[in-house]
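Report on the structure
Letter by letter, the chains look like this.
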Amino acid sequence: MKILKIEFENINSLRGKHSIDFEKAPFTGSSLFAITGPTGSGKSTILDVISLALFNHVPRLGKISKNEILATGAILTRNQDHAGASITYQCNSGIYTSTWNIETARTGNLKDYHMSLFDLASNKAFDLKKSDVPAKNEELIGLNYNQFIKSVVLAQGDFAQFLRAKKDERGELLEKITGTGIYRQLGMKAFQKHKAVSQEISLQQQARENFKIELLEEEELFKITQELQEKDAECKLLDASIKATEANISLKNTLKKQREEIDILNKQKQTTTDRLNSFIEENGAILEAHEKVQPFGEEIRKWALVQNNLKEHTKELQSIDAAIQTNKQQTYNCLKEVESLTGKILEDASLENELHSFTEKVRDLDKQKSDKLTEYNFLITQLKAEIKELDIKINERDLPKDLEIFNQLKSTSSNQLRYYENELASIDLKNPDAEKSRLEQQLENTRKAGNQAQKIQQLSKEFKKLTSEEEKNTPDLAALPQKIDLSNTKISFFKEHLKNLNLEKQNQLLTASLKEHRSTLIDGNPCPLCGATHHPFADNLPQKNGELDEKISATTKELESWSQQNTEENTHFKQLQKRISEIRSEKELLQNDLSDLKLHFETHFKDISFEKSEEDWEVLFDKQKRQIQELESYQKELRIYSRVSNGIPILEKIIDVLEQGKNLKKELDAIYSGDNINNDFQRLQKGWTQLKAQAKNLLENKALLEKKIAVAQTQNKELELSLQPLLLEINFKDIASAQNALMLETDYLKLRNQREEILKNAQNIQTSLQVLTKQLQETSESDVPENIEQLNTLLDSQTFNYKTNSTACENLRRSLFNNNQLKERIKKIDEEIQQKEEFTKRWRLLNELIGDAQGKKFNEFAQDLTLSQLLYLANIRLKDLSDRYKLDKPENEEDNALIAIDEHMGGQRRSVKTLSGGETFILSLSLALALSDLASRNVEINSLFIDEGFGTLDPETLDQTLDTLEKLQSESSKTIGIISHVDSLKERIATQIQLKRNGQGYSSLDIVPN
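Residues numbered from 1 in each chain as written. Predicted model: local features only at pLDDT ≥ 70, side-chain atom pairs only at ≥ 80, totals over all residues. Heavy atoms only, no water.

Observations regarding the overall build of the protein
- In terms of regular secondary structure, the protein is built from 23 helices and 17 strands.
- In the protein, which comprises 1010 residues, the proportion classed as buried is 35%.
- Put simply, 72% of the contacts in the protein that link residues at least 6 apart link residues at least 24 apart.
- Put simply, the protein shows about 62,400 Å² of open surface, and 49% of that area lies on carbon and sulfur atoms. (Helix = DSSP H or I, 4+ residues; strand = E, 2+ residues; numbered from the N terminus. Buried < 20%, exposed > 50% of the residue type's maximum accessible area, 1.4 Å probe, protein only. Contact = heavy atoms within 4.5 Å. Areas by Shrake-Rupley, 256 points an atom, 1.4 Å probe, with all protein chains shown as cover.)

What follows is the structure, encoded as structure tokens:
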């Protein structure tokens, strides 16, 4: 897996968009680069971007969510509303781009993040949810998040500490570095599981013993069973006695209830007898009289109906006579009202014709008046439409004054038109629209010419400015090659001089006597021969001559100074070359643009010079705009004159129509003063017609009623002759008294039903008395001599004895049931214990092999295997870096730190504590690379970031280290980034990603050389 490109925007302190393309210069020239910058400038942010875009994780925060960003203020740059991260990488299956984005909504609330993955071969996005993108990246790369971080980011400082650690500390560091803490947890889990299962079995065994203690003895069990059988027999006898006593008590209660019911029926019988007597006394005579006349009821009711009809007809005849008189008066009043309207004396026969003739005359005058009003409104609308564009209001109450204003306005407009004709003498006013278009086109052309002239002047200024800059930079560019040659010569000289000095120093060390060698020993630093850090025989020696060391130091500083100067001069030379090339390209483009613009100007604007000043162009613009404005004013005044001229004859006609309308109104008011002739006509005509029809109907109704009265009188006489003799026979003197005796049929049926109900109740009560008396005699034959109180006392005694025996039986049964339950529980516990003991065997074995309370046993075993694998991979890497050392685990008699086998010293085993700083770095770097190999397994990692570890190295060791890294990079074709703030490392590695703090919490990112 190789990272090809990193892009991000507004991540942590790095505000704005940033891009690091490893497939472009300067990374294509050197795949070893440095990420430099002061603490807090954002060096680690680049690593955050990689893990964020791939896995939505950040090493310092873990999994990222909207709530995590809001809570910690991380990821999203302060005062920004969106952030994004993108990484393009190459793996075995192709090239892919993984992105991560987040933004705020219009409301200011932070939205949830979004992730996507693109296949650059097909240029299509994978159809994935955002939560599935990290898993897809893991599948494509072949590493999960933890493996990826350990494979790509190598913490060399952790391994330097790991090399020198004691055995116990080394195990903890290895667990931390490799993330293999799972083995400690497995050992603890095995111990805890075995302990928990064993404790469960112990608890169940204790419970089983407790249940056995509670079991009944065999003798006690037999005794309880025998007693239960005896108590059950006694309960059965007592139950039979209780039922017999309850039957006798029920019989006593039945007898008592029957006697009470007989008493109640006797009382009901007396009440019914009294009720019947009262009914006969109250309604007997009425019922008797009704039943006498009931055979003649139909004829009596018919006679009463005839009598009622005669009264109604007579009363109705009186009402018709009154209505006839009212109709005559209303007819007279209507006649007088029509005479008043028409102004004529009228007869009944001619009234309708005269009313119609008068109405037609009034309608004709009103129509003429309405036509004049319509004509007036039309002319007013026509006039308003004609003068709509003019600031004139029509006063309809004083139209002659309006006519005078119109004539004055026409005269004023005529004078103004003559003024504009003089001012616009050079313009063809017969075609004002065409002239206006011509003037506007002329103004537009002048504007275009002015704009193009301004562009020509601006480009000319830019061309002069670029020429001046070129003239200024050319001498500096010419002088730089000589300076660079000088610095190169100085660098070569000081390198050779430094090499000679170092060789002289080595010769001195090789030829030094034991005393001279002892003079170099310092307490606390290991002896290169024996490795001891305490040197008791190095005291009181002659003072060492440091002149050679001072020369080496001075030469090193001179070399660094000239190297830095050489880098700056080369950089400045390249920048000047690039800038002068850019200036010449820009001048060539500007020259072409100027030629094209001038040619275009001369072609399209022949009559105008582009060398006018800005003031001259403004004067020309104002003159042309003023001509257009005067022409527009002339057109406006011409429209005013035309509208006023057209409006004067319309206004004169309006005045004439208004006068004619006034004359018609006077003539109409003279003959008719009402509001609406049509309403008056319809009202009077309708009223006259209705009165005539009403008079006719009243006379016809009167004749009909007189006939009905005569028929009713005849019927009444016939009924009296037939009914009177029959009623006398049953002692009724006349028909009226018989009618009074006759009841309504509903009233009669009601009273008759009441009488029948009373008689029926009396019969039912008598029957019930006979039945109850017989039942009482039969029940008394089965009665016992004891009274109810004695029987209840006996029942209580029997019930008490039964309950006592039943409770005893229940207690005995419960004892037997509980004993059986205990046996079942003991059996079930035995089965469970047997099953758990089978299940526990594997946990007992696992606990014996790997388990303990601290998880130390299995963790030490696993870490020892991991250490062996790690050292094996480290020695493979170390062989490429240095052929002198191999790493090995310490043996029992050796120091518990790791052992370095020195192949140059015949395979001598040395503690890594005796190694120099450069040697320690090489070994720790090989361990870091080995961990990358261990984490990546079968996945090839071609992008590495080495985090710090360079600050403690002296210049010579630093050079050796960088040589080693350059060798590793060139042999493996890996892209290697070194994260550091060591100044000398920055000077040694030309390709850099420089991070600088800009203040206000923001940082900037630059790629050097750019």
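A closer look at the packing of aromatic side chains
- Enumeration over the complete set of coordinates arrives at 9 aromatic pairs.
- Ring geometry for Phe 22 and Phe 33: centres 5.5 Å apart, planes at 35°, overall tilted. Taken together, the residues span a long stretch of sequence, with Phe 22 in the loop between β2 (14–21) and β3 (32–36) and Phe 33 in strand β3 at a distance of 11 residues. Residues Phe 22 and Phe 33 agree in their burial class; the two are buried.
- For the ring pair Trp 100 and Tyr 113, a centre distance of 6.3 Å and an interplane angle of 15° mean the geometry is stacked. (Phe/Tyr/Trp six-rings, centres within 6.5 Å; stacked < 30°, edge-to-face > 60°.)

Side note on the UniProt feature "coiled-coil region" (unreviewed entry) in the protein
- The feature "coiled-coil region" (unreviewed entry), as given by UniProt, occupies residues 248–275, 310–368, 436–469, 573–600, 688–722 and 812–839 in the numbering adopted here.
- In this annotation, residues 688–722 is assigned 100% helix and 0% strand; the end-to-end C-alpha distance for the span is 53 Å. (UniProt positions renumbered as here; feature names shortened; annotations may be inferred.)

Looking at the packing of helix α8 (residues 218–293) against helix α19 (residues 788–850)
- Two elements in contact, α8 and α19, have axes separated by 8 Å at closest approach and are oriented at 155°. Considering the angle they form, α8 stands roughly antiparallel to α19. In the crossing of α8 with α19, the sense of the turn from one axis to the other is left-handed. (Axes fitted to C-alpha atoms, helices over the stretch in contact; angles between N-to-C directions. Parallel < 35°, antiparallel > 145°, perpendicular 65-115°, else oblique. Left-handed = near helix turned anticlockwise from the far one by under 90°.)

With respect to the pattern of salt bridges
- Going through the model one piece at a time under the given rule, you end up with 22 salt bridges.
- For Lys 587, the salt bridge goes to Glu 470, with nearest N and O atoms at 2.9 Å. Pair noted here: Lys 587 is in helix α14 (residues 547–604) and Glu 470 is in helix α12 (residues 432–511), with a separation of 117 residues, a long-range link.
- A salt bridge links Lys 551 to Glu 547, with the nearest nitrogen and oxygen atoms 3.9 Å apart. In this pair, Lys 551 and Glu 547 both sit in helix α14, 4 residues apart, roughly one turn of the helix. (Salt bridge = Lys/Arg side-chain N within 4 Å of Asp/Glu carboxyl O.)

Brief notes about the packing of helix α10 (residues 351–386) against helix α16 (residues 677–729)
- Axis separation between α10 and α16 bottoms out at 10 Å; the angle between their running directions is 170°. By the angle class used here, α10 and α16 are roughly antiparallel. Residues Leu 351, Glu 352, Leu 355, His 356, Phe 358, Thr 359, Val 362 and Arg 363 of α10 form the contact with α16, whose own contacting residues are Ile 677, Asn 678, Phe 681, Leu 684, Gln 685, Trp 688 and Thr 689.
- In the contact of α10 with α16, the residues fall into 8 nonpolar, 5 polar and 2 charged. (Nonpolar A, V, L, I, M, F, W, Y, C, P; charged D, E, K, R; others polar.)

Focus on the pairing of strand β13 (residues 908–911)
- Bridge count for strand β12 (residues 899–902) against β13 is 4 bridges, and the pairing is antiparallel. Bridge pairing links Asp 902 to Gln 908 in β13.
- Counting the residues between successive antiparallel strands, the hairpin from β12 to β13 contains 5 residues, one of them, Gly 906, with a positive phi of roughly 70°. (Pairing = 2+ DSSP bridges.)

Brief notes about the side chain of Glu 470
- For Glu 470, a relative accessible area of 14% corresponds to the buried category.
- Look past the residues within four positions of Glu 470 in its chain and what remains in contact with it is Ile 583, Arg 584 and Lys 587.

Brief notes about the sheet that holds β12
- Strand order in the open sheet formed by 3 strands is β11-β12-β13, with antiparallel pairing between adjacent strands. Each end of this open sheet is capped by a strand with a single partner; those strands are β11 (885–888) and β13. If you compare each strand with its neighbour and ignore which way they point, the axes differ by 35° on average.
- As judged from the 4 bridges shared by β11 and β12, these two strands associate in the antiparallel manner. Of the residues in β12, the one forming a bridge with Tyr 885 is Asp 902.

Brief notes about a nonpolar patch on the surface
- A cluster of nonpolar side chains, Ile 95, Phe 118 and Leu 120, forms an exposed patch at the surface whose accessible area comes to about 210 Å².
- Relative to the helices and strands, Leu 120 is located in the loop between β8 (114–119) and β9 (124–125).
- Assessed through its relative accessible area of 38%, Leu 120 is described here as partly exposed. (Patch = residues over 30% accessible without salt bridge, like charges linked within 9 Å, V, L, I, M, F, W, Y side chains within 5 Å.)

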